[in-house]
Amino acid sequence: MEDNEISHRDEEEQKSLLPFMEKEEKGDKADEFSNVEEYWEAYKPEEELAGGGKRENEDSSEGAGDKSDSSMESLGHNLDDIKNMQAMKYTDRLRVLALQRNIKELNDIAKEKELEAQKARDQQRSCQLRIRTLTKQLECVDIEVKTEEEAGNVAAVSRLRAMRRRLQAELEREKDFELKIALTLKENTLEIWHIETEQGKCEILHEQMKKDEEELEMQYQERAKVRIWNEKTAALQAEKKQRSRAKKEEEAQKEYEKRLKKIHEDAKRNHEKAVCFLRKSMARVHEKNAKEEAKTREHMERRIQAVLSLKNSITSNREKLQAFQASNKAMALEAKKQEMKRREEILAEGGNVAKEIILRERLLEHEKEKQASREQQKSRKIEIVSRILQEKASIRKQKKSQSCAKEVEGGGKRERSVLWRMRTWQYLEKICSPPAGAASQVLPQKSWRCPSACSSAAGESSDPIAHYVLRDRGEDEKERDKVLVEPEFPGLWSQEFDLQKVSKEEMDAKQLATRGVKNESFEKKMEDLQTGTFHKQTVSGRECKGGSFYSKPRCIHFKDFDVGQIYKKKITLINASYSVNYCRLVGISEWLKDFISIHLDPPGKMSAGMSCEVVVTFKPMINETLKGEVMFMAQTGPFSVPLKCTAKRCILALDKELIDFGSHVVGETISQTISLTNSGALGTRFKVQTAGGDSSTCRATAKPPGGMVTQHFSDCVPEKQISSSSVTSVLEKKEQICPEHDEGLSSCAAQVEQRSQPSLGSSSTELLGQDSLNSRSDLNTDKAHHLVELSPEETPAEIMLGKVTEGEIGPFSSVKLQVMFVPAVPGEVRAEFVIVFDNSDCKPLCFGAIGVSADVPIWVLNPNVDLKICMYDRLYQDSVVIQSRAKTTQCLKFEVCKELSKHMELLPKTSYIQAQSSFSVQLRFLPRHSLPEDAGSYFDEETRVLEVPVTILIVDKGKKVNFTVHAIVTTSDLEISPAQIDFGYCTIYEAVQAKVTLTNKSILPQEFGFVGLPEFVEIQPNDGLGILLPLESLTLDIIFKANKAKEYSFELTCKSEINRQFKLSCKAVGVHPPLELSHSLVQFAATALNSVSTATLYVMNSHVSANPFTHAVPRIGHGEIAPVGPTSFEFCVPGDCPVTITPSVGTVLPGKKSLIQVSFRPALPDQLIREEAARRLGRAAAAGAETQKSKEDEKREGNKLHVSMSRQQPSRELGSHGGSEHPTALDSSEQPESEELKPDSDAYLAAQAFLMRSFRGRFEKYIIPCFVASGHTDEKKGSGKLRCSPHNTLCLELHCPAVAPAVVVTSDNGRNSVNFGDVAVGHRMMKQITVQNISPEKLDLRFSVLNPHGPFLLVRAVRNLEPGEEKTLIISFCPNGNKWCFEMLDIQTAKSNLTLSLMGQGVIPSIVCSVGEVLDMGYVIARDKVTSTFKVENTSTLTLRYSIQLDSLSPTRHKDQQKIPSFIMSSLQRTELVGTQNYSGLSVFSVFPTEGEIVAGKSEDFTVTFSPDHESLYYSDRLKIMLFGKELAHVIHLKGAARDHPMFVEGGIPLDVPIESLAVVSPVPWQGAEKGELQEPPAKSILLVLEYMDREDSPVPAVTELKVGAIQTAQFASKKSTEFSFDDLPLLKQKGFSVEPAKGTVEPGQVKILGVSWVPPADSAASDPLLVTALLTLKGDIKECYQVLFMAKVVSAHAPTK
């Protein structure tokens, strides 16, 4: 039995491995062909190497041929070996797999049986040992019993007998156990023997397998040798190629080295030239870098100072900004209160609040829109006006430039020369003018001349000639073009040389030709130069743009020259173009020709990057700055180098323009210095004087009623007014000094104004504020203060100059000037000074000085103490620093206003401050909740800002110093809303969440935290800890999770950072439901659209006992305990949820669990797809309407062209008609409704595919309730009759992320189902499915395994897809039965799956033919034809593709004819159905149509044509109806006969051969040539056999028949009928034969049957057959005779018994 099982397993394994082995066999065959190709490729290089390139020699070619023959023979042997190896490999693999598996199984079973036997033996040994032990114990007990009986000890005897019984029972059990072990051991031994027998059988096969493996190994070695040989051949060829490549590389390397050596030599020469220029340029670069570094350092210092000041300002403004934000929030709250009041008023009046608010908002929006439109109109008007002005200015400019160009062209060079002559005379006049000392003496009488560049330019522009020269440069360009025509070297152009003056004898034809060409080229160049056109330089497709030459340095600058000296400078011109270029000197500016000379050696052709040197010589004759340019001409156009000559001048500057002395006590003396620097090369004398002449200071003071003068800037005069007044006073004093030339001094005043403002804000503001506080303490603030300007006589000179007030400042030197400040009167003092110079070109320099003098020796360093934001009931401290400028010790007393004495105090109350030192006072502030009531006017309840004035009293002097304490007082409350939470009913398997709002009522951020939380409460986020910003509200989630069924009531405590506590009351009811879920949260993986993700969980019933003391029991709070028993559940899934739960209804018994499967199938909403499809259809309809409209417009325009001018309508009417047609067209094209679309329509599928591609993913959460009820329910009927409590409901939370699919189907409008339709059984249909990767990543595809015995097959798979790539899958369907087939194919990727639904219907094709197995075409006249029709009906449900085949036209007929001829074989052995054929080679039978399709339920008519070309009675063929090219559906045997004459006889047994001879027999003439009479053709023989049944009852004659017929044809239309007659009728009657009728006529197209019967005569012998001959004669167009042989015999028969 085991052998049979093993063989059956082997057969099944072989069947299962068969498709894989077939694939492997195909792979082996492919490997075989690949090996052949590799061998042939390896053979080719060997043959080439054998030839060795000696094809020209015949002997070598013959040798190569011999080698190729031998190699071809070896190739053939190797191919045979490979084929044998592959065949052997296939058979061995199949056998080796089965043998290895069988041997392994036998070895495993043998090991197991051995182990079992060994265990049984061990048990047997132990059992025998126990039996021997028990036997010994029994013997000992028997001996003891005897001794105790003898002793008479009854108790011991009874005890020993009981022990004996126990030992006997144990001994019997051990013996039984030993028998069982022996039986088991025997069975195991028997099985081991059986296994050893099987192993012995397999040893032979194992040895054979080893031999086969050795043979395979040898074959592998041979294959390896062949491959090694191929590799060696390839290596030889590669080595040869490597040698040739190395030779070429050596030659290329040598050539490269030569070229590189040449390049190095050229580079070395160029380097030597470049080093000289590089040294000079590097020196200039270092100088430039040093200057830039110094500038950068200065710039960084300025930036650092600016950043520090910005930081200070930010820190000071931050607190103000916070207070401002708090006030804004208060205003917003006030606005909300007003809005609530307004709503209450509207409600009180009975109005609609929402309507009023909406109307108010609309009005506000309308006003905003109006304002925006007005601003937009204004901006547009401004733009339009600016554009108009620009256009007018451009038009005016163009007109002026045109007029100037005309005037300058008329003037020419004459005006320019006049201009320079006038300048020269002006310079001479300046030289001859009186010296500087005389000029300074005459200074008050003459007006100053401002030495600025603007004034000089303005003076020069007054000359009209200079005006045109400076403003128009068009003339310079024209002069430059004219100069370009002049040659660089004097030549033939300077001589008036004419070719016509040369004698004709002196020039020949060649010279004339060359001169003519040169003249033409010269004329072209001259035209180019005159027209200003130059050749563009293009190298390697790049056009040279910009300057063609680069100058080093860029500008030729002669600095600080002296008249009469000679200066030279050398510049370098570098060719910056892409190719060879030329450079020549054109000239210099016209006004520089008297001073500048240029020396340039003609460089000739200059390659790219090469340079030439130009020497510029400057001989100054006038002491004036000159500007111009040196002009050159290159091949690509003109270029110029700017030239500048600067005379010596004074450049004077001050290191600062404002001296700030700060604040000092009256009677001190302070001095500071200011530096005057001359950075020019010319020295001059200077003089420092006050801006107002005699007076030196300007003071702003206040005159109170007591006659005391004090400062009061902080209350009445802002800083801007102070700075502006100082600047105006400076300007007024400067006008007194130089009333006519105020332009230079205005700039000084502007500088003073700019720099005085920040200095006032930085140093003097605090002192001014302190002094203002002092003045407040001394004087009443209610009285008015007025600013007065003291006269110079009343004000003493507090700011004055030092010893140095005038002197000489040399070139590149500096002078320090001293300024002193001696404060005499309290207040602010300013003074302005002016430095004037003897040099008329130097404008005066201004600087100012400022200082503050105070009379109070005490001041507070910070007069405004800001405690920032403070909370109630919190202590805040700060130190107040007091400074003393007095030289003696002062006694101070500190006082706080009475209203705030409970909240604020200063410690100590009284103190002494040392001379010129500081003292710190401790400020303590503890705000109470009664602060708003106590403070009164010092506290603003809206902004919560507190301002407290504090007074410092100087006891000895009776003076007061005030400072102010600022603070913003806020609360520290936290508000929890709502104050109480009711969680309701909560099961122990879930958590209930409630939201509370925690609000910070303070304007300070506060830290909070919920502390002491019970274990069943959780607060999120951040576990109930965090920081609340000012007035911020935070929503917290209170999560309650009951741990048992009871009623909960508890409080949650929230603490702030200052340890304040806030309570939150909570209550809930815990519920223990009867059922529980194994997982209450299911998180699906990211699932692609139309894919499925599945998760499993259990519904468990753990309620098995109602005892509450042993374990927790299901109940609601403290209610009744749920009954123990079957409990039902039901999941209620919403209708729009893409989740399926199976089973959704069920019952769980106590202690059991039920498996639940949850499936998530995301899909696009149907309504969304329909809307997108309708939108796309609407767009297509609109596009079609636009196309139709454009066609109509074109047609209308074409019609307009053909309309005559007389009958043409106005264009307005045509436009109106044309415009009215389009809306009607658009209105007629209605957009289809989305509800009308079908899910199978193309528009629906296209919209679905588009939405899937554009899908960005979504995440949805679903909570599915599971209702629980006690009792049993039915899955079909549901749980309608059971009662369930809503508090026992379980909740299943599902997290469902949906993503776009990585792979989509693009073919068939994106359908994921492949429907093959109806396919014939046994036939295969292929379909292609195109898939596309729409993800941004490369995808590796895997496919699920289809049923190997099923009809579907994945023919071609796709392994990977690039992003955006499309590939095609091929799936085939081959049904094996008449049934509906369905299967799912999963295309698996790393992230998602794509499921294809494969479906198809297998149909058995069936047809019904109107003709049976034989179709007889009858008799036909030779070379005539006849047709017959039959019908084929398709009775199956699929369209059938058919083809008609004839055996006579079969391609294998010639092969079949090579067999033994059919006429040699017996009639029983003949299978040939193809009979006589035409001599012409054409087919006797033809069918139409030969192929096509028959639709299901329809029929097709076929026409068979019979057209013989000679006489024969054995025309035949076989017609096959093939379905789908391979299935035979029906066979028809075609027969026909042909006659040369329209008469025939049919019947009997033919005596001729049915197969015609291959020899051609010439026909015998039937007509006599001599007599001219009609001769009878030879008679044909017909055999009629009649068998008479010899019976005892009434005799029945033997009967047979003959058929005589006439063929109806158009060839013998004159012959109406055919006559027939039998001869020798008496003889026939005598022998017992009778013929009915014996003679008669047959009409054309008819057949007459002749009946023949025979009854044996009385004298005939029954044993001998009877043979009689008669002649049958037919008369038609000819006369034919048939010799009819009548053979009759008697057959014995037994009469049937009744």
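First things first, this report covers the structure right here in the doc. Quick caveat, the model's predicted, so the values are computed rather than measured. (Residues numbered from 1 in each chain as written. Predicted model: local features only at pLDDT ≥ 70, side-chain atom pairs only at ≥ 80, totals over all residues. Heavy atoms only, no water.)

1. Structural notes on the overall build of the chain
Consideration 1: A count of helices and strands for the chain gives 19 helices and 80 strands.
Consideration 2: Contacts in the chain between residues at least 24 apart in sequence constitute 73% of all its contacts with a sequence separation of at least 6.
Consideration 3: When the accessible area of the chain is evaluated, it comes to approximately 106000 Å², of which 52% is carbon and sulfur surface. (Helix = DSSP H or I, 4+ residues; strand = E, 2+ residues; numbered from the N terminus. Contact = heavy atoms within 4.5 Å. Areas by Shrake-Rupley, 256 points an atom, 1.4 Å probe, with all protein chains shown as cover.)

2. Things to note about the nonpolar core
The nonpolar side chains of a soluble globular protein tend to be buried with one another.
Consideration 1: In terms of nonpolar packing, the biggest core is built from 36 residues, with F1131, V1158, L1292 and L1294 touching the most fellow members.
Consideration 2: Residue assignment for this core shows that the elements contributing at least two residues are β44 (1093–1100), β46 (1127–1131), β47 (1139–1142), β49 (1153–1160), α15 (1166–1202), α17 (1242–1253), β50 (1258–1270) and β51 (1290–1299).
Consideration 3: Take this core: its biggest share by element is five residues, from β51.
Consideration 4: Not counting the four nearest positions on each side in its chain, L1292 is found in contact with L1077, H1079, S1080, L1081, V1082, L1097, F1131, I1141, V1158, Y1262, I1263 and I1264.
Consideration 5: Counting residues in each nonpolar core, the second largest holds 32 residues, with V880, M904, F939 and V961 among its members. (Core = buried A, V, L, I, M, F, W, Y, C linked by side-chain atoms within 4.5 Å. Buried < 20%, exposed > 50% of the residue type's maximum accessible area, 1.4 Å probe, protein only.)

3. So, helix α3 (residues 154–349)
Consideration 1: Its 196 residues give α3 an end-to-end C-alpha distance of only 122 Å, which falls more than 12% under 292 Å, the value for a rise of 1.5 Å per residue.
Consideration 2: The sharpest bend along α3 measures roughly 30° and falls at C202.
Consideration 3: A side-chain oxygen of the first residue of α3 lies 3.4 Å from the backbone nitrogen of A156; this N-cap is N153. (Expected span 1.5 Å × (residues − 1). Bend = angle between axes of the 7 residues up to and from the residue. Polar contact = N/O pair within 3.5 Å; in protein donor to acceptor, adjacent residues only side chain to side chain.)

4. Focus: a nonpolar patch on the surface
Consideration 1: Residues L278, M282 and V285 make up a contiguous nonpolar surface patch of roughly 230 Å² in combined accessible area.
Consideration 2: With respect to the helices and strands, the residue V285 is situated in helix α3. (Patch = residues over 30% accessible without salt bridge, like charges linked within 9 Å, V, L, I, M, F, W, Y side chains within 5 Å. Salt bridge = Lys/Arg side-chain N within 4 Å of Asp/Glu carboxyl O.)

5. Some details on α17
Consideration 1: If you check α17, its first and last C-alpha atoms are 17 Å apart, about what 12 residues at 1.5 Å a residue would give, namely 16 Å.
Consideration 2: All of the buried residues in α17 are Y1244, L1245, A1247, L1251 and M1252. One side of α17 holds all its buried residues, which, seen down the axis, span an arc of 160°. (Arc of directions from axis to C-beta.)

6. Focus on the environment of P1123
Consideration 1: Counting through the fold element by element, P1123 comes out in the loop between β45 (1115–1116) and β46.
Consideration 2: Through-space distance from the C-alpha of P1123 to that of S1105 is 8.8 Å; in sequence the pair is 18 residues apart.
Consideration 3: Apart from the residues within four sequence positions on either side, P1123 is in contact with H1103 and S1270.

7. Some points on the pattern of salt bridges
Any two side chains of opposite charge can pair, on the condition that their charged atoms come close.
Consideration 1: In this structure the tally under the stated criterion is 35 salt bridges.
Consideration 2: The closest approach of N and O atoms between E116 and K113, which form a salt bridge, is 3.9 Å. Placement of the pair is E116 and K113 together in helix α2 (residues 58–151), with a separation of three residues, close to one helical turn.
Consideration 3: Residue classification places E116 among the partly exposed residues on the basis of a relative accessible area of 38%.
Consideration 4: When the shortest N-O distance is used, the salt bridge between R130 and E174 registers 3.1 Å. Here E174 lies in helix α3 and R130 lies in helix α2, a separation of 44 residues in the sequence.
Consideration 5: By relative accessible area, R130 is classed as partly exposed at 35%.
Consideration 6: Overlapping salt bridges bring together E1511, R1539, K1580 and E1680 as one network.

8. Quick notes on the pairing of strand β25 (residues 890–896)
Consideration 1: Examined bridge by bridge, β25 and strand β27 (residues 910–913) share four bridges and lie antiparallel to one another. Paired with K893 across the bridge in β27 is T910.
Consideration 2: As judged from the five bridges shared by β25 and strand β30 (residues 945–954), these two strands associate in the antiparallel manner. From the neighbouring strand, E895 faces β30, where its bridge partner is T951. (Pairing = 2+ DSSP bridges.)

9. Quick notes on the state of the cysteines
Consideration 1: Across all of its chains, the model carries zero disulfides by this definition.
Consideration 2: We note that C1381 lacks a disulfide partner, and the nearest cysteine sulfur, in C1374, lies 9.9 Å from it.
Consideration 3: For C1381, a relative accessible area of 6% translates into the label buried. (Disulfide = S-S within 2.5 Å.)

10. Considering the packing of aromatic side chains
Consideration 1: Under the criterion given, the structure shown has 27 aromatic pairs.
Consideration 2: Seen in terms of ring centroids, F558 and F618 are 5.2 Å apart; in terms of plane orientation they differ by 40°. Their pairing is tilted. Taken as a pair, F558 in strand β4 (residues 556–561) and F618 in strand β8 (residues 611–618) lie far apart in primary sequence, 60 residues in all. The exposure classification of F558 matches that of F618, with both residues buried.
Consideration 3: Taken together, the ring pairs connect F983, F1016, F1040, Y1048 and F1050 into an aromatic cluster.
Consideration 4: Above the face of the F1250 ring, R1176 is positioned so that its terminal group lies 5.1 Å from the ring centre.
Consideration 5: Of note, K1327 hangs over the ring of F1316, and the distance from its end group to the ring centre comes to 5.8 Å. (Phe/Tyr/Trp six-rings, centres within 6.5 Å; stacked < 30°, edge-to-face > 60°. Lys NZ or Arg CZ within 6 Å of the ring centre and 35° of its normal.)

11. Structural notes on a negative patch on the surface
Consideration 1: A contiguous patch of negative charge, built from E334, E933, D940, E941 and E942, is present on the exposed surface.
Consideration 2: Checked against the element boundaries, E933 lands in helix α14 (residues 931–935).
Consideration 3: Residue classification places E933 among the exposed positions, given a relative accessible area of 69%. (Lys, Arg positive; Asp, Glu negative; His and termini not counted. Charge placed at Lys NZ, Arg CZ, Asp CG, Glu CD.)

12. Here we look at the sheet that holds strand β68 (residues 1499–1506)
Strands in a sheet are paired, the pairing made by backbone hydrogen bonds, and the direction either parallel or antiparallel.
Consideration 1: If you walk across this open sheet you meet the four strands as β62-β64-β68-β66, and the pairing is antiparallel. Each edge of the open sheet carries a strand with a single partner, namely β62 (1407–1409) and β66 (1485–1488). With strand direction ignored, the average angle separating the axes of adjacent strands in the sheet is 25°. (Axes fitted to C-alpha atoms, helices over the stretch in contact; angles between N-to-C directions.)

13. Focus: the side chain of T1330
Consideration 1: Positionally, T1330 belongs in strand β54 (residues 1325–1333).
Consideration 2: On the accessibility criterion, T1330 (18% relative accessible area) is buried.

14. Things to note about the sheet that holds strand β17 (residues 799–801)
Consideration 1: The strand order β11-β13-β19-β17 describes an open sheet built from four strands, whose pairing is antiparallel. The open sheet terminates on both sides in strands that have one partner only, identified here as β11 (652–654) and β17. For this sheet, the mean angle separating the axes of adjacent strands, direction not counted, is 25°.

15. Concerning the pairing of strand β13 (residues 670–678)
Consideration 1: Two strands pair when backbone bridges link them, and β11 and β13 are joined in this way by three bridges, in the antiparallel orientation. Note on β13: the bridge partner recorded for L654 is L676.
Consideration 2: In this structure, β13 lies alongside strand β19 (residues 813–821), joined through nine bridges in antiparallel fashion. Each residue of the ladder has a partner; that of I670, found in β19, is F821.

16. Focus on the side chain of S972
Consideration 1: Position of S972 among the secondary structure elements: in the loop between β31 (959–970) and β32 (974–977).
Consideration 2: Engagement of the side chain of S972 in a polar contact is seen with the side chain of R1060, the distance being 2.9 Å.

17. Notes on the environment of L138
Consideration 1: Position of L138 among the secondary structure elements: in helix α2.
Consideration 2: Accessibility expressed as a relative area gives 11% for L138, which makes it buried.
Consideration 3: Separated by 30 residues in the primary sequence, L138 and Q168 have C-alpha atoms spaced 7.6 Å apart.
Consideration 4: Not counting the four nearest positions on each side in its chain, L138 is found in contact with R164, L167, Q168 and L171.

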